Amino acid sequence: MKAIRRFTVRPVLPEPLRPLSDLARNLRWSWHAETRDLFQSVDPECWTASGCDPVRLLGDVPPRRLAELAEDRRFLRRLTAVADDLQDYVSGDRWYQTQTGELPAAVAYFSPEFGITAALPQYSGGLGILAGDHLKAASDLGVPLIGVGLLYRHGYFRQSLSRDGWQQEHYPVLDPNELPVALLREPDGTPTQVSLALPGGKQLHARIWLAQVGRVPLLMLDSDVEENDLGERGVTDRLYGGGSEHRLLQEMLLGIGGVRAVRTYCRLTGHAAPEVFHTNEGHAGFLGLERIAELCDQGLDFDAGLEAVRAGTVFTTHTPVPAGIDRFDRELVARHFGADAELPRIDVERILQLGMETYPGGEPNLFNMAVMGLRLGQRANGVSLLHGHVSREMFSGLWPGFDPDEVPITSVTNGVHAPTWVAPEVFRLGARQIGAQRTEDALTVGGSDRWDAVAEIPDQDIWELRRVLREQLVTEVRERLRVSWRQRGAGTAELGWIDGVLDPDVLTIGFARRVPSYKRLTLMLRDRDRLMDLLLHPERPIQIVVAGKAHPADDGGKRLVQELVRFSDDPRVRHRIVFLPDYGMAMAQKLYPGCDIWLNNPLRPLEACGTSGMKAALNGCLNLSVLDGWWDEWFQPDFGWAIPTADGTGTDPDHRDDVEAAALYDLLEQRVTPRFYERGQGGLPDRWIEMVRQTLTLLGPKVLAGRMVRDYVERLYTPAAHAHRAMTPDLARELAGWKARVRGSWSAVTVDHVETSVATATAELGSTLGLRVRVGLGGLNPEDVEVQAVSGRVDEEDRIADGATVPLKPVGGPDPEGRWVYEGPLALDRTGPFGYTVRILPSHRLLASGAELGLVAVPSEDVVEGAGVLMR
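The structure reproduced in this document is the subject of the present report. Treat the numbers as computed from the prediction; the structure is a model and nothing was measured.

Right, let's get into the overall build of the protein chain. Per the secondary structure count, the protein chain includes 29 helices and 28 strands. Expected size for 872 residues packed as a compact globule is a radius of gyration near 29 Å; at 30 Å, the protein chain falls within 12% of this value. Scored against the burial criterion, the 872 residues of the protein chain give a buried share of 57%. When the accessible surface of the protein chain is summed, it comes to about 35,300 Å², and 49% of that surface belongs to carbon and sulfur atoms. Looking at charge distribution, the protein chain has the averaged site of its 95 positive side-chain charges lying 5 Å from that of its 121 negative ones.

Structural data, given as structure tokens:
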């Protein structure tokens, strides 16, 4: 019989065990080994059955066992020690508290998904895992962050396979009362709510669930409340589900509702109000509109409010392709704002202007969330050096007249939270070498360029560790494969072959990620005979473990999954290559440590960062990857291999796949497998072990989320906080008025004449050129602009590369025609083809960059003709 109603019955813990509840509700247990060990000792069978989830464990443990533990003095001593450790962790000084300078009082970090633990399934892939690692690292460092997201009642889908290998999706209902979250409540105990106005006089209400991630609160908004109509209740039903209006409502709730949730949380708890708002991808971009509305309520006009909000906003873009950005029809957005909907005091046209693609190549009727994020954020970044370059190219239309390298988008390369992803066996080996506390500090705070202590670990210990981890993966794979085949309809009698799947002494390759086409899940199948030869080689075989989910609406991705599954079903190779469905955090934590090689073969440069290889590297796994994302930045032959790419613009996609697949097979046959299987005098693969050692020594400190969050604090959060503090209401009005005046006058700003003190076409290295420039400033003054000489080496088309800029100074006042003369020296500091030009930029003390307004004046063709702009 089916129940007509479901609710959760919570256990009543005996008084001595009450600290267990606090430990279960703080998600630090997900990366703190001692806390997990404590929960496992409560009831090992229940712990495994609960999926290693303390909240579920405490609901399942028999009362008799709890009574026993309440009398167990040894257990109670352990409980006290772990509870005291958590208290020290959340209240003591950490890295952030020891820094000098005026750091932000608090930072609000918005993301549509957060991957904290498998017990809180609110993530789909890399963006969410990155956001979760950002929160955990901020907690370890003591950064006063507040996370903001949505609580999805179905999370992301669960994946299984049909008998013929087609991906099937399942959406289990999540009951928040069974998750490690708690409702945020008013002082009288009633649940706190935020509301949004919808067209037609309707309202969207949401409760706020609080997940405590170490020191960091994560606020998650949930629209499944009784006050909402059925349609509104479903706004937070699924991650990345539904049509355009559904996604728009989710993003309005995340951005606008999220700011209101942060204000409510700070009111109720006394937490410092954020000085910096960090938008992790464009989904939360509407947070800037809500903050402008707040300032308008305090007496600022829209333009001044925009300047004040921009000063304290950081925007991170994660996509290298325009198709990865949420874009909405102009009319849809317009309907949800204004007098009859949300933010009624703001003119809808001003809102639309922030997101419209009003630049060459843009779609003028589409509202682009990333474009709005960039217009609302004074500081922006990509997530690797290469992705920063790609982003500057991709968004250069917002800064016309500037070279892509000058577009004000920097980069902070992603990192991963080592305590989450490093296998306990790897941690113990490090602790044995330098002590547990130093190992923990190295993995969380980081700060060193090298982990030289790894050099002292004996080869035998490293090799034994690698085999233990490989053996654990083999066991895990067989268990998951049995479950998968039963879901596909196989009977027990058909599954005897699974006992022989994988071998703990065979070179093991891992490939696991989302399955969009650019990640090329099936590149390894390009030449199946050659792959079979590698899998079945009599002396040097390989084995491959593959996992990944295609988006539910992506039939092309599902076909790629099916193609790989069908190949791995072949009785000739199924003991050597497996596809594991339902890839998630729990699987990943076993997969990364157990592999010897982490394979990544995206179409370059479409991988923004790609952090899975970082997690593998921290466990001593070597990377075999296309030079994309982070691998392009940090690859060295000492600790991995680079797959050559055929990414010329004229390359046919099929031919490119053929060339790069052949390069992959060549590397495996000629370099990777021989190095794994060749043995030195001591019977160990000495050269392989040395590469593992170099991976840990040189890559380990770089790939840490602790390093990433410190970069954000020092390079983005702190400057944003200083800009926020400087932007008083009066200064915001001043800057807004100045920008309006500059924009209105810019069409009359001109470079009229350029002359130099050298008229020949050659000059000697080290000599100095005198520049004299006459400019028209329209209605502007010299203090409103900077006149610059830009010089450097030039290519065949006279484009300046790596240009250096020198400000020129005004000489005297304006002439009778209102023109100004600027002069300055230009040092000829490099040999070969050399060139210069002159330009005028807006200049104001409150701008973060000269390119901020996207305005530049350069010489006309007539001026160039007579200026000797190029010196060869």
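What follows covers the nonpolar core. Counting residues in each nonpolar core, the largest one holds 106 residues, and the members touching the most others are Met524, Ile544, Ile597, Leu624, Trp641 and Trp688. Excluding its chain neighbours within four sequence positions, the residues that come into contact with Trp688 are Trp463, Leu507, Asp596, Ile597, Leu622, Trp641, Val672, Arg675 and Phe676. Membership of the second largest hydrophobic core comes to 95 residues, among which are Leu198, Tyr265, Phe286 and Val773.

Next up on the list: the pairing of strand 9 (residues 276–280). In terms of burial, strand 9 is largely enclosed, as five of its five residues are buried. In strand 9, alternate side chains face the same way, and those of Val276, His278 and Asn280 on one face and Phe277 and Thr279 on the other are all buried. Where strand 1 (residues 107–110) lies against strand 9, four bridges are found, and the strand directions are parallel. Across the sheet, the residue bridging to Val107 is Val276, located in strand 9. Direction of pairing for strand 9 relative to strand 10 (residues 313–316): parallel, over a ladder of four bridges.

Right, let's talk about empty space enclosed by the protein for a bit. Applying the stated criterion across every chain, the model contains seven cavities of 30 Å³ or more. Quantified by volume, the largest cavity comes out at close to 90 Å³. Lining the largest cavity are 13 residues, and of these Leu481, Trp485, Ser568, Asp569 and Phe579 sit closest to its centre. Taken together, the elements giving at least two residues each to the lining of the largest cavity come down to helix 19 (459–487), helix 21 (555–568) and strand 17 (577–580).

There is about 920 Å³ of room inside the second largest pocket. Considering the residues around the second largest pocket, the lining is formed by 34 residues, among which Arg310, Arg375, Arg743, Glu852 and Leu853 are closest to the centre. Among the elements that take part in the lining of the second largest pocket, helix 11 (residues 302–311) stands out by supplying five residues, more than any other. For the lining of the second largest pocket, the per-class residue count stands at 17 nonpolar, eight polar and nine charged.

Take the packing of helix 13 (residues 348–355) against helix 14 (residues 369–376) next. At a closest axis distance of 6 Å, the pairing of helix 13 and helix 14 adopts a crossing angle of 100 degrees. Relative to helix 14, the element helix 13 is oriented roughly perpendicular. In this structure, helix 13 contributes Gln353, Leu354 and Gly355 to the contact, and helix 14 contributes Val371, Met372, Arg375 and Leu376. A class-by-class count of the residues in the contact of helix 13 with helix 14 yields four nonpolar, two polar and one charged.

With that out of the way, let us pick up the packing of helix 2 (residues 33–42) against helix 6 (residues 73–91). For the pair helix 2 and helix 6, the least separation of the axes is 10 Å and the interaxial angle reads 150 degrees. Of the possible angle classes, the one that applies to helix 2 and helix 6 is roughly antiparallel. Pair helix 2 / helix 6 crosses with left-handed handedness. For the pair helix 2 and helix 6, contact is made by Glu34, Thr35, Asp37, Leu38, Ser41 and Val42 and by Phe75, Arg78, Leu79 and Val82, respectively. A breakdown of the residues in the contact of helix 2 with helix 6 according to their chemical character gives five nonpolar, two polar and three charged.

Here we come to the side chain of Ser384. In this structure, Ser384 sits in the loop between strand 13 (379–382) and helix 15 (385–394). Reaching out from Ser384, the side chain makes a polar contact with the backbone nitrogen of His387 at a distance of 3.1 Å. Beyond its immediate stretch of four places on either side in the chain, Ser384 contacts Ser411, Val412, Thr413, Ala608, Cys609, Gly629, Trp630 and Glu633.

So, about the environment of Ser195. The residue Ser195 is located in strand 6 (residues 193–198) in this model. Each C-alpha atom, one on Ser195 and one on Leu253, is 8.5 Å from the other, the two residues being 58 residues apart in sequence. The residues touching Ser195, leaving out its near neighbours within four places in the chain, are Gln203, Leu204, His205, Arg260 and Glu342. Within the local environment of Ser195, its side chain forms a polar contact with the side chain of His205, the two groups lying 2.7 Å apart.

Our focus in this paragraph is unusual backbone geometry. In this model, Arg604 is joined to Pro605 through a cis peptide bond whose omega is 5 degrees. On the secondary structure map, Pro605 appears in the loop between strand 18 (597–600) and helix 23 (612–617). Unlike most non-glycine residues, Tyr240 shows phi in positive territory, near 55 degrees. Structurally, the position occupied by Tyr240 is in the loop between helix 8 (230–233) and helix 9 (244–269). Phi is positive for Leu502, which is not a glycine, with a value near 65 degrees. Along the chain, the position of Leu502 falls in the loop between helix 19 and strand 15 (507–512).

Now for helix 10 (residues 287–297). Among the 11 residues of helix 10, nine are classified as buried, and the element is accordingly described as predominantly covered. Inspection of helix 10 places Leu287, Gly288, Leu289, Glu290, Arg291, Ile292, Ala293, Glu294 and Leu295 among the buried residues, and these make up the whole buried set. Of the residues one or two after helix 10, Gly299 is the one with positive phi, at around 110 degrees.

Now for the pairing of strand 18. Residues of strand 18 alternate between two faces, with Ile597 and Leu599 on one and Trp598 and Asn600 on the opposite face, all of them buried. As judged from the two bridges shared by strand 15 and strand 18, these two strands associate in the parallel manner. When the bridges of strand 18 are listed, Ile509 appears paired with Ile597. When strand 18 meets strand 19 (residues 622–626), the two strands line up parallel, connected through four bridges. Within strand 19, the residue paired with Trp598 across the bridge is Asn623. A crossover links strand 18 with its parallel partner strand 19, the connecting element being helix 23, and its sense is right-handed.

Moving on, we get to the sheet that holds strand 25 (residues 809–810). Within a sheet, adjacent strands bond to each other through the backbone by hydrogen bonds, running parallel or antiparallel. Read across the sheet, four strands follow the order 21-22-26-25 without closing on themselves; strand pairing throughout is antiparallel. With one partner strand each, in any of the chains shown, strand 21 (749–756) and strand 25 form the two edges of the open sheet. Taken together, the nine bridges between strand 22 (residues 768–777) and strand 26 (residues 819–827) define a ladder with antiparallel strand orientation. Residue Arg774 lies in a different strand from strand 26, and its bridge partner there is Val821.

Right, let's talk about the sheet that holds strand 19 for a bit. What the six strands build is an open sheet, ordered 17-16-15-18-19-20; its pairing is parallel. The sheet is open, and its two borders are formed by strand 17 and strand 20 (640–643), each paired with just one other strand. Taking the axes of each pair of neighbouring strands and ignoring which way they run, one obtains an average angle of 20 degrees across the sheet. Contacts from helix 26 (residues 686–699) reach strand 15, strand 18, strand 19 and strand 20 within the one sheet, and its direction differs from that of strand 19 by about 80 degrees.

We describe a pair of aromatic rings using the distance from one ring centre to the other and the angle between the two ring planes. The full count for this structure, using the stated rule, is 20 aromatic pairs. Judged by centre distance (5.8 Å) and plane angle (35 degrees), the rings of Trp641 and Trp688 are tilted. Taken together, the residues Trp641 in strand 20 and Trp688 in helix 26 connect sequence positions 47 residues apart. Taking the relative accessible area as the measure of exposure, Trp688 reaches 1% and is therefore buried. Put simply, the rings of Trp463, Trp641, Phe676, Tyr677 and Trp688 touch in pairs and so form one group of aromatic residues. The ring of Tyr89 has Arg28 lying over it, and the distance from NZ or CZ to the ring centre is 4.1 Å. Sitting above the plane of the Phe157 ring, Lys549 keeps its charged end 5.0 Å from the centroid.

Thresholds applied
Residues numbered from 1 in each chain as written. Predicted model: local features only at pLDDT ≥ 70, side-chain atom pairs only at ≥ 80, totals over all residues. Heavy atoms only, no water. Helix = DSSP H or I, 4+ residues; strand = E, 2+ residues; numbered from the N terminus. Rg over C-alpha atoms; globule rule 2.2 N^0.38 Å. Buried < 20%, exposed > 50% of the residue type's maximum accessible area, 1.4 Å probe, protein only. Areas by Shrake-Rupley, 256 points an atom, 1.4 Å probe, with all protein chains shown as cover. Lys, Arg positive; Asp, Glu negative; His and termini not counted. Charge placed at Lys NZ, Arg CZ, Asp CG, Glu CD. Core = buried A, V, L, I, M, F, W, Y, C linked by side-chain atoms within 4.5 Å. Contact = heavy atoms within 4.5 Å. Pairing = 2+ DSSP bridges. 1 Å grid on protein atoms, 1.4 Å probe; cavity = no way out; pocket = protein on both sides within 12 Å on 5 of 7 lines; lining within 4 Å. Points joined across faces, edges and corners; volume = space filled by probe spheres on them. Nonpolar A, V, L, I, M, F, W, Y, C, P; charged D, E, K, R; others polar. Axes fitted to C-alpha atoms, helices over the stretch in contact; angles between N-to-C directions. Parallel < 35°, antiparallel > 145°, perpendicular 65-115°, else oblique. Left-handed = near helix turned anticlockwise from the far one by under 90°. Polar contact = N/O pair within 3.5 Å; in protein donor to acceptor, adjacent residues only side chain to side chain. Right-handed = clockwise from strand over helix to strand, strands pointing away. Phe/Tyr/Trp six-rings, centres within 6.5 Å; stacked < 30°, edge-to-face > 60°. Lys NZ or Arg CZ within 6 Å of the ring centre and 35° of its normal.

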